[in-house]
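What the coordinates show
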Amino acid sequence: QVLARRQNEALQAEVLAAARRQVQEREMFYQLFEQTPAAIALLREPGHRIEYCNAAYEQFFPGRALRGRPLAEAVPEAVEQGFIALLNTVFQTGDTHFGSEIAYVLPASGDEPEHTRYFNFTYQAYREDGQVAGVSIFAYDVTAQVHARQQTAALQAQVLANSQRQVQERATLYQVFE
């Protein structure tokens, strides 16, 4: 009985040590995530409960309670804009979804009016014991690049229109002198 009790205590100590290592590893990953400029969130279960999100993710939703809440409750505009449907598909299929320069309309908040941001993002399923346990979000704000490209395109269109107008004016003048 003494040997069995000692073996049981040793097993319990091993399990406890393994659990502590897991917690330390998770905290190490979270610290690493805090230092990255990418917006990162880890969602769990089919309800997409926000298990973790870094400061870069939180800054897009100032004043909102995010952690521990289902994404659809914490960020209701994600439902309307189709992002929850994408998460559902990733959770159900396990297939990764890549979005490139996808518009996301952020509602008015405090002094800031409603505005559109653009993101490159990845929704990727993560597994535990061979089953999809949740979805990770890695998103990069590319709004500045999208706006710069839009401005460049607008300028190019304006230059082209001006060039065409000048050609038309010259052609008209040429016809007058003929």
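That block above? That's the structure.
Predicted model, so just to flag it, every value in this text is computed and none were measured.

Brief notes about the overall build of the protein
Along its length, the protein carries six helices and five strands. Traced from its N-terminal end to its C-terminal end, the protein shows the element sequence α-β-β-α-α-α-α-β-β-β-α. For 178 residues, the compact-globule estimate of 2.2 N^0.38 gives 16 Å, and the protein exceeds it by more than 25% at 26 Å. Overall size of the protein, expressed as C-alpha extent along the three principal axes, is 115 × 35 × 30 Å. A burial count over the protein gives 28% of its 178 residues as buried.

Quick notes on the sheet that holds strand β3 (residues 97-106)
Strands sit in the order β2-β1-β5-β4-β3 across an open sheet of five strands; the sheet is antiparallel. Every interior strand has two partners, whereas the edge strands, β2 (49-53) and β3, have only one. Taken pair by pair, the neighbouring strands of this sheet meet at an average axis angle of 30 degrees, ignoring direction. In terms of strand pairing, strand β1 (residues 39-44) meets strand β5 (residues 131-141) through six bridges, oriented antiparallel. What sits directly across from R44, in β5, is G134. Along the sheet, helix α1 (residues 2-34) makes contact with β1, β2 and β5, crossing β2 at roughly 70 degrees.

Remarks on helix α5 (residues 83-93)
Considered for burial, the residues of α5 that qualify are F83, I84, L87, V90 and F91. Projected onto a plane normal to the axis of α5, the buried residues spread over an arc of 120 degrees and lie on a single side. For α5, the secondary structure elements touched by its buried residues are β1, α3 (71-74), α4 (77-80), β3, β4 (115-128) and β5. Where α5 ends, the next residue or the one after it, G94, has phi of about 80 degrees, a positive value.

Here we look at a nonpolar patch on the surface
Taken together, the side chains of M28, F29 and L32 present a nonpolar region at the surface, about 330 Å² in accessible area. Positionally, F29 belongs in helix α1.

Comments concerning the environment of Q158
Turning to its location among the elements, Q158 is positioned in helix α6 (residues 143-177). Taking the C-alpha atoms as reference points, Q158 and A39, separated by 119 residues in sequence, lie 36 Å from one another.

Brief notes about the pattern of salt bridges
As a working rule, side chains carrying opposite charge can pair if their charged atoms are close by. By the definition in use, this model includes nine salt bridges. D141 serves as the salt-bridge partner of R117, at 2.2 Å between the closest nitrogen and oxygen. Here the residue R117 occupies a position in strand β4, and D141 occupies one in strand β5, the gap between them amounting to 24 residues. Residue classification places R117 among the partly exposed residues on the basis of a relative accessible area of 25%. Connected through shared salt-bridge partners, R44, E51 and E128 make up one network.

Focus: the side chain of E77
The residue E77 is located in helix α4 in this model. E77 sits in the buried class, given a relative accessible area of 7%. Within polar-contact distance, the side chain of E77 engages the side chain of R64 at 3.0 Å. The contacts of E77, once residues within four sequence positions are left out, are F61, R64, Y104, V105, L106 and P107.

Criteria and cut-off values
Residues numbered from 1 in each chain as written. Predicted model: local features only at pLDDT ≥ 70, side-chain atom pairs only at ≥ 80, totals over all residues. Heavy atoms only, no water. Helix = DSSP H or I, 4+ residues; strand = E, 2+ residues; numbered from the N terminus. Rg over C-alpha atoms; globule rule 2.2 N^0.38 Å. Buried < 20%, exposed > 50% of the residue type's maximum accessible area, 1.4 Å probe, protein only. Pairing = 2+ DSSP bridges. Axes fitted to C-alpha atoms, helices over the stretch in contact; angles between N-to-C directions. Contact = heavy atoms within 4.5 Å. Arc of directions from axis to C-beta. Patch = residues over 30% accessible without salt bridge, like charges linked within 9 Å, V, L, I, M, F, W, Y side chains within 5 Å. Areas by Shrake-Rupley, 256 points an atom, 1.4 Å probe, with all protein chains shown as cover. Salt bridge = Lys/Arg side-chain N within 4 Å of Asp/Glu carboxyl O. Polar contact = N/O pair within 3.5 Å; in protein donor to acceptor, adjacent residues only side chain to side chain.

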